[in-house]
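Now for the letters of each chain:
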Amino acid sequence: MNVIPCRPQRRRPAPLARALFLATALFAGPALALSPPSTPDVGHMGIIGLQESYLAPQHWIAQLPDADAVILDRAGIDAQNARMRQLDTSMHDLLALPASLPRALVQEQINGISRASSRPLYDVQGKPVDAAQLKAISDNVALDAVPAQRPLQYGLVVHRAALRAFPTNLRVFSTKGDTDIDRFQESALFPGDAVAVLHESADGKWLFISSERYAAWIEKQYVATGSAEQVFGYGAQGPYRVITGAKAFTAHTPEEPRVSDLQLEMGVRVPVLADWPAMKTVNGQQAHAAHVIQLPVRNDDGSLSIVPALLPRSQDSAEDYLPLTRRNLITQAFKFLGERYGWGHSYDTRDCSGFVSEIYRSFGVLLPRNTSAQAVSPALDRLPFTDKDGKAKRDAAIAQLQVGDLIYIPGHVMMMLGHADGRTWVIHDTSGGSWFGGDGKRVHAALNGVSVTPLEPMMASDSATYIDRMTNIQRIRPQARK
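Residues numbered from 1 in each chain as written. Predicted model: local features only at pLDDT ≥ 70, side-chain atom pairs only at ≥ 80, totals over all residues. Heavy atoms only, no water.

Pairing in this open sheet of three strands is antiparallel, and the strands run E14-E11-E17 from one edge to the other. Sheet topology places strand E14 (269–271) and strand E17 (317–318) at the edges, where each strand pairs with a single neighbour. Sheet topology note: the strand E11 (residues 240–243)/E14 ladder contains three bridges and is antiparallel. For arginine 241, the partnering residue across the bridge sits in E14 and is valine 270. (Pairing = 2+ DSSP bridges. Helix = DSSP H or I, 4+ residues; strand = E, 2+ residues; numbered from the N terminus.)

Take a look at the structure:
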């Protein structure tokens, strides 16, 4: 099994404000010769080298002499995020957008992502998506309807929502029967995410938006529009609750279905109404066993309101972002263990770059959305590799990895956990993996979720390992002062 990219690699269009799209795609260097191991050790559930104890965070934490040492304090994280917004062109400064956007610029941004496929596409039944369907989808983009000057609108996302390459919910696939990799699926946004609205589809059901990290199509029903003061004022002051579980859900409430059983992802920070009267109910429920939080909702006219909701104390949350320590990095990563892989955040889960982003988001650390942008971000402590870098340099870099370091191969990212049995171990959200078996042939594993694997024996092809194909290592740590 060759490595399946976690995210599509897309051409970057011209910048909007600073830059509105993805960093340049990464390309694999030439394969390095490798002989299959003579005595591979088949481990727990068939995964090479794996012991069941490795599936517990305590195993890896126990190896650390400084598990609770703070890697970056709050001031350091704020400085890191400021550097990310300043230096990384995949970030979008929404407040820097002009009040009126020219047609050519809006059209260019839409064309950067809504591009016709050059290969056949199939629906969930394996039937070809015909030319008439594709034309109808393309027509719904309504590119010619972009006005000469488009008034800028701001909004907040009110429900976890997919970001799509085209304004459609039609799922399309490159191969019959393979319904995991939806080629129109791009990413997802979460409740409270701020967006700039750039365009509307012909059917009026979709918006083309830019968030801080991505631009694509989102269903209109999931965005509430308001003034810049309303949108960017939401959550600007505490107190807060930060979601520290893989997912959390608000309390069920028939009185206010807009905030009932609402899914909140790891790292989402919501404002708290700390002075809520003790005996006053929230949507029909007394609040002693929950946190009274504020959430954005969409009114019937599409406008934004902020309403109270209950986040049960049983849900995994904290009063603010967690301290960035190695213990917490491992603990947070393992909260996703076994979750199904979701290309572009489909299945209400996440992909490899979303996995590491949401781990770091629980500490308040901002990362680019896609592997292609994360891997080359100038705002991080980057160690790059080219096709001229041989085995010695690559192996030396692997030996010096620290917990939380991010390892990139084309289309994929892994987080380093530790060393065991002479191997480097990683946790990653992956569609699959392979290694050589005792017969000298590659074993293909449909991991298809957040998995713990050794790094060294993982194969990108019959002749190249993941380490051979490694393009970058990124580390989040204090920057040297000048």
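In space, the six strands of this open sheet follow the order E19-E26-E20-E21-E22-E25, with antiparallel pairing throughout. The open sheet terminates on both sides in strands that have one partner only, identified here as strand E19 (381–384) and strand E25 (449–454). Strand after strand, the sheet turns through a mean of 25° between neighbouring axes, direction not considered. Relative to strand E22 (residues 423–430), strand E21 (residues 412–420) runs antiparallel, the two being bridged by five bridges. Counterpart to alanine 420 in the pairing with E22 is arginine 423. With respect to the sheet, helix H7 (residues 352–361) is in contact with strand E20 (406–409), E21, E22 and E25, its orientation differing from that of E21 by roughly 65°. (Axes fitted to C-alpha atoms, helices over the stretch in contact; angles between N-to-C directions. Contact = heavy atoms within 4.5 Å.)

What follows deals with the side chain of aspartate 351. Relative to the helices and strands, aspartate 351 resides in the loop between helix H6 (326–334) and H7. A distance of 2.9 Å separates the side chain of aspartate 351 from the backbone nitrogen of glycine 354, its partner in a polar contact. (Polar contact = N/O pair within 3.5 Å; in protein donor to acceptor, adjacent residues only side chain to side chain.)

Take the pattern of salt bridges next. The tally for this structure, following the rule as stated, stands at 23 salt bridges. When the shortest N-O distance is used, the salt bridge between aspartate 316 and lysine 335 registers 2.9 Å. On the criterion of sequence distance, the pair formed by aspartate 316 in the loop between strand E16 (304–312) and E17 and lysine 335 in the loop between H6 and H7 is long-range, its members being 19 residues apart. Residue aspartate 316 is classed as partly exposed on the basis of its relative accessible area of 31%. Its relative accessible area of 31% is what places lysine 335 among the partly exposed residues. The partner of aspartate 389 in a salt bridge is lysine 393, with the nearest N and O atoms 3.3 Å apart. Look at lysine 393 and you get partly exposed, because its relative accessible area is 39%. (Salt bridge = Lys/Arg side-chain N within 4 Å of Asp/Glu carboxyl O. Buried < 20%, exposed > 50% of the residue type's maximum accessible area, 1.4 Å probe, protein only.)

In contact at an axis separation of 9 Å, H6 and H7 are set at 130° when each is read in the N-to-C sense. If you check the angle between H6 and H7, you find them oblique. Between H6 and H7 lies a crossing of right-handed hand. For the pair formed by H6 and H7, the contact residues are Leu329, Gln332 and Ala333 on the first element and Phe355, Ile359 and Tyr360 on the second. Here the residues of the contact of H6 with H7 sort into five nonpolar, one polar and no charged. (Parallel < 35°, antiparallel > 145°, perpendicular 65-115°, else oblique. Left-handed = near helix turned anticlockwise from the far one by under 90°. Nonpolar A, V, L, I, M, F, W, Y, C, P; charged D, E, K, R; others polar.)

Detail in the predicted coordinates should be disregarded across regions flagged by low pLDDT. This prediction gives the protein a mean pLDDT of 91; 91% of its residues lie at or above 70. Between residues 8–15, whose pLDDT stays under 50, and residues either more than four places distant or in other chains, the model counts 33 contacts. Within the model, pLDDT remains below 50 along residues 17–39, and this stretch shows 70 contacts once partners closer than five positions in the same chain are excluded. (pLDDT = per-residue confidence, 0-100.)

Turning to helix H2 (residues 74–87), a few remarks are in order. Helix length check: H2 (14 residues) gives 20 Å between terminal C-alpha atoms against 20 Å at 1.5 Å per residue, within 8%. All of the buried residues in H2 are Gly76, Ile77, Gln80, Asn81 and Met84. The buried residues of H2 occupy one face: seen down the axis, they fall within an arc of 135°. Turned more than 90 degrees away from the buried face of H2 sit Ala75 and Gln86, all of them exposed. Against strand E1 (70–72) and strand E18 (324–325) lie the buried residues of H2. (Expected span 1.5 Å × (residues − 1). Arc of directions from axis to C-beta.)

The subject of this paragraph is the nonpolar core. One recurring pattern in soluble globular proteins: nonpolar side chains tend to sit buried together. Of all hydrophobic cores here, the largest spans 66 residues; its most connected members are Leu324, Tyr360, Leu406, Ile427 and Ile476. Element by element, the count of residues in this core is highest for E21, at six residues. Membership of the second largest hydrophobic core comes to 58 residues, among which are Val129, Tyr154, Phe208 and Trp217. (Core = buried A, V, L, I, M, F, W, Y, C linked by side-chain atoms within 4.5 Å.)

It is worth spelling out the packing of aromatic side chains at this point. Pairs of aromatic rings are described using the distance from one ring centre to the other and the angle between the two planes. Scanning the model with the defined rule gives eight aromatic pairs in all. Note on phenylalanine 336 and phenylalanine 355: the rings are 5.6 Å apart at their centroids and 75° apart in plane angle, and the pair reads as edge-to-face. In this pair, phenylalanine 336 is assigned in the loop between H6 and H7 and phenylalanine 355 in helix H7, connecting sequence segments 19 residues apart. The exposure class assigned to phenylalanine 355 is buried, which follows from its relative accessible area of 0%. (Phe/Tyr/Trp six-rings, centres within 6.5 Å; stacked < 30°, edge-to-face > 60°.)

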